[in-house]
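Residue strings, one per chain:
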Amino acid sequence: MEKTTHLQVLEAEAVYVIREVAAQFQNPVLLFSGGKDSIVLTYLAYKAFYPAKIPFPLLHIDTGHNFPETIEYRDNLVKKLGATLIVGSVQEAIDKGMVTEEKGYNASRNLLQTAVLLDALEKNKFDAAMGGARRDEEKARAKERFFSHRDEFGQWDPKNQRPELWNIFNGKKHMGEHFRVFPISNWTEMDVWQYILQENIEMPSIYFSHRRKVFKRDGMYLAAAPFMKLKPDEKVEELTVRCRTIGDVSCTGMVLSEAHNLQDIIDEIAATRVTERGGRADDKRSESAMEDRKREGYF
């Protein structure tokens, strides 16, 4: 008898959670960032309901400062799967005065995504939002349940979470409340890449080594862009880099790398001693940066 692999166990668990969402909620949505985790989650949703189409839309919160490779990949994937895509625009929210853009050298639109996300969830009456967050990414995310309750203001209370025994998930809520759901909570970064290799999932080119103009700040390489304000002592140089985790340009650190294919990436991750989000500028704003954002409604 063939032995079940750990990737098969993780896949089965994730598919079960996705199907539970479809069964328990009236109007779910899948949050899509264009990063590897949301890509794997979309692929799992595709497998969960095949040969039918994915029965819920994809929601992308576009900061307006995304990598072009990410947007191109997003549009091609949506077309390939025949999925429905909804885009929430941070730039539109700025233009309407709903949010105020940050100024200065460390300005980022990352925090502004929260208000746009909550507005999109409210406008579309989504009662469950699935995403690719994993517990191994960051200490605040390690506190999350699979079904993570949000109050009517979209806020998360880490001290008030429901028990999840024997994979029994409680999706009951009051009017105006919703859930964030994390089907790949128990996966690691290595699991994600091994699964991508096993399933031969196409990935955005930005994950592989390529030449890019970057500059160094606080020990990280950031991509040079017209909206990135350089300090007097910072200089732009062209290096061979890749992304391990993708946010928008302002907060995504690049790593020096010669990983040109999936196996190279897996070998590189196995050897590194730096965490995946060690190159995310938005996590360095304070010790509790991620948890503070999550409490306010960030994914």
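Residues numbered from 1 in each chain as written. Predicted model: local features only at pLDDT ≥ 70, side-chain atom pairs only at ≥ 80, totals over all residues. Heavy atoms only, no water.

Novice: Where do I start with the overall build of the protein in this structure?
Specialist: Helix and strand content of the protein: 8 helices and 10 strands. Against the compact-globule benchmark of 19 Å for 299 residues, the protein has a radius of gyration of 19 Å, which places it among compact chains. The principal-axis extents of the C-alpha atoms in the protein amount to approximately 55 × 55 × 40 Å. Here the protein, with 299 residues, has 53% of them falling under the buried criterion. Restricting the contact set of the protein to residue pairs at least 6 apart, pairs at least 24 apart contribute 73%. (Helix = DSSP H or I, 4+ residues; strand = E, 2+ residues; numbered from the N terminus. Rg over C-alpha atoms; globule rule 2.2 N^0.38 Å. Buried < 20%, exposed > 50% of the residue type's maximum accessible area, 1.4 Å probe, protein only. Contact = heavy atoms within 4.5 Å.)

Novice: What am I meant to see in the packing of helix 1 (residues 6-24) against helix 6 (residues 189-199) here?
Specialist: Relative to each other, helix 1 and helix 6 sit at 95 degrees, their axes nearing to 11 Å. Of the possible angle classes, the one that applies to helix 1 and helix 6 is roughly perpendicular. Contacts between helix 1 and helix 6 involve H6, L7, L10 and E11 from the first element and D191, Q194, Y195, Q198 and E199 from the second. For the contact of helix 1 with helix 6, the class distribution of residues is 3 nonpolar, 3 polar and 3 charged. (Axes fitted to C-alpha atoms, helices over the stretch in contact; angles between N-to-C directions. Parallel < 35°, antiparallel > 145°, perpendicular 65-115°, else oblique. Nonpolar A, V, L, I, M, F, W, Y, C, P; charged D, E, K, R; others polar.)

Novice: Is there a simple way to think about the pattern of salt bridges in this case?
Specialist: Pairing between side chains becomes possible if they bear opposite charge and their charged atoms approach one another. By the definition in use, this model includes 16 salt bridges. R134 is paired through a salt bridge with D37; the nearest N and O atoms lie 2.8 Å apart. Remark: D37 occurs in helix 2 (residues 36-49) and R134 occurs in the loop between strand 4 (128-130) and strand 5 (147-150); sequence separation between them is 97 residues. Per residue, the accessibility class of R134 equals that of D37, and both read buried. Measuring nitrogen to oxygen at the nearest pair gives 3.6 Å for the salt bridge that ties R211 to E238. Of the two residues, R211 is situated in strand 7 (residues 210-217) and E238 in strand 9 (residues 237-243); the sequence distance between them amounts to 27 residues. (Salt bridge = Lys/Arg side-chain N within 4 Å of Asp/Glu carboxyl O.)

Novice: I keep staring at unusual backbone geometry and nothing clicks. Help me out?
Specialist: Leave glycine aside and you will find that most residues have negative phi; peptide bonds, for their part, are mostly trans. Of note, the bond from Y50 into P51 is cis; its omega dihedral lies within 30 degrees of zero at 10 degrees. You can see P51 is positioned in the loop between helix 2 and strand 2 (58-62). For K125, which is not glycine, the phi dihedral falls at a positive 55 degrees. Summarising the element assignment, K125 is placed in the loop between helix 5 (113-123) and strand 4. K125 sits in the exposed class, given a relative accessible area of 56%. With a phi angle near 55 degrees, N167 is a residue other than glycine that sits in the positive phi range. Its location among the elements puts N167 in the loop between strand 5 and strand 6 (178-181). Looking at N167, the relative accessible area reads 34%, which means it is partly exposed.

Novice: I keep staring at the packing of aromatic side chains and nothing clicks. Help me out?
Specialist: In this description, a pair of aromatic rings is defined by centroid distance and the angle of the planes. Using the criterion set out here, one finds 10 aromatic pairs in the structure. Members of the aromatic cluster, each reached through a chain of ring pairs, are Y16, F25, F147, F169 and F179. The positively charged end of K229 is found above the aromatic ring belonging to Y105, 5.0 Å away from the centroid. (Phe/Tyr/Trp six-rings, centres within 6.5 Å; stacked < 30°, edge-to-face > 60°. Lys NZ or Arg CZ within 6 Å of the ring centre and 35° of its normal.)

Novice: It is not clear to me how helix 7 (residues 262-271) should be interpreted in this structure. Could you clarify?
Specialist: Each α-helix winds once per 3.6 residues, and so residues spaced three or four apart point in a common direction. Turning to helix 7, its buried residues are L262, I265, I266 and I269. For helix 7, the buried positions fall inside an angular range of 100 degrees around the axis, keeping them on one side. The opening residue of helix 7, the one whose side-chain oxygen lies 3.2 Å from the backbone nitrogen of Q263, is N261. (Arc of directions from axis to C-beta. Polar contact = N/O pair within 3.5 Å; in protein donor to acceptor, adjacent residues only side chain to side chain.)

Novice: Please clarify how the packing of helix 2 against helix 6 should be interpreted in this entry.
Specialist: Between two packed helices, both the angle of their axes relative to each other and the distance between the axes serve to describe the pair. Contact geometry for helix 2 and helix 6: axes closest at 11 Å, N-to-C directions at 50 degrees. As judged from the angle between their axes, helix 2 and helix 6 are oblique. Pair helix 2 / helix 6 crosses with left-handed handedness. Listed contacts from helix 6 to K36, D37, V40, Y43, L44 and K47 of helix 2 are E189, V192, W193, Y195, I196 and E199. Looking at the contact of helix 2 with helix 6 residue by residue, the classes come out as 7 nonpolar, no polar and 5 charged. (Left-handed = near helix turned anticlockwise from the far one by under 90°.)

Novice: I keep staring at helix 5 and nothing clicks. Help me out?
Specialist: By the burial criterion, the buried members of helix 5 are Q113, T114, V116, L117, A120 and L121. Buried residues of helix 5 fall within an arc of 165 degrees about the axis and therefore sit on the same side. K125 sits one or two residues past helix 5 and shows a positive phi near 55 degrees.

Novice: Just checking my understanding: could you explain the nonpolar core for this structure?
Specialist: Membership of the largest hydrophobic core comes to 62 residues, with the highest contact counts inside it found for I18, L44, F147, W187, W193 and M254. In this structure, L44 is in contact with E11, A14, V15, I18, I184, W187 and Y195, ignoring residues within four places of it in sequence. Formed by 15 residues, the second largest nonpolar core is a distinct cluster that contains V90, L112, L117 and L121. (Core = buried A, V, L, I, M, F, W, Y, C linked by side-chain atoms within 4.5 Å.)

Novice: Please clarify how the sheet that holds strand 5 should be interpreted in this entry.
Specialist: In a beta sheet, neighbouring strands are held together by backbone hydrogen bonds and run either parallel or antiparallel to one another. Across the sheet, 6 strands lie side by side as 3-2-1-4-6-5; this open sheet has mixed pairing. In the strand order of this sheet, the two ends are held by strand 3 (85-89) and strand 5, each with one partner. Sheet twist, expressed as the average angle between the axes of neighbouring strands with direction ignored, equals 30 degrees. Across 5 bridges, strand 2 lies against strand 3 in parallel orientation. If you follow L58 over to strand 3, its bridge partner there is L85. (Pairing = 2+ DSSP bridges.)

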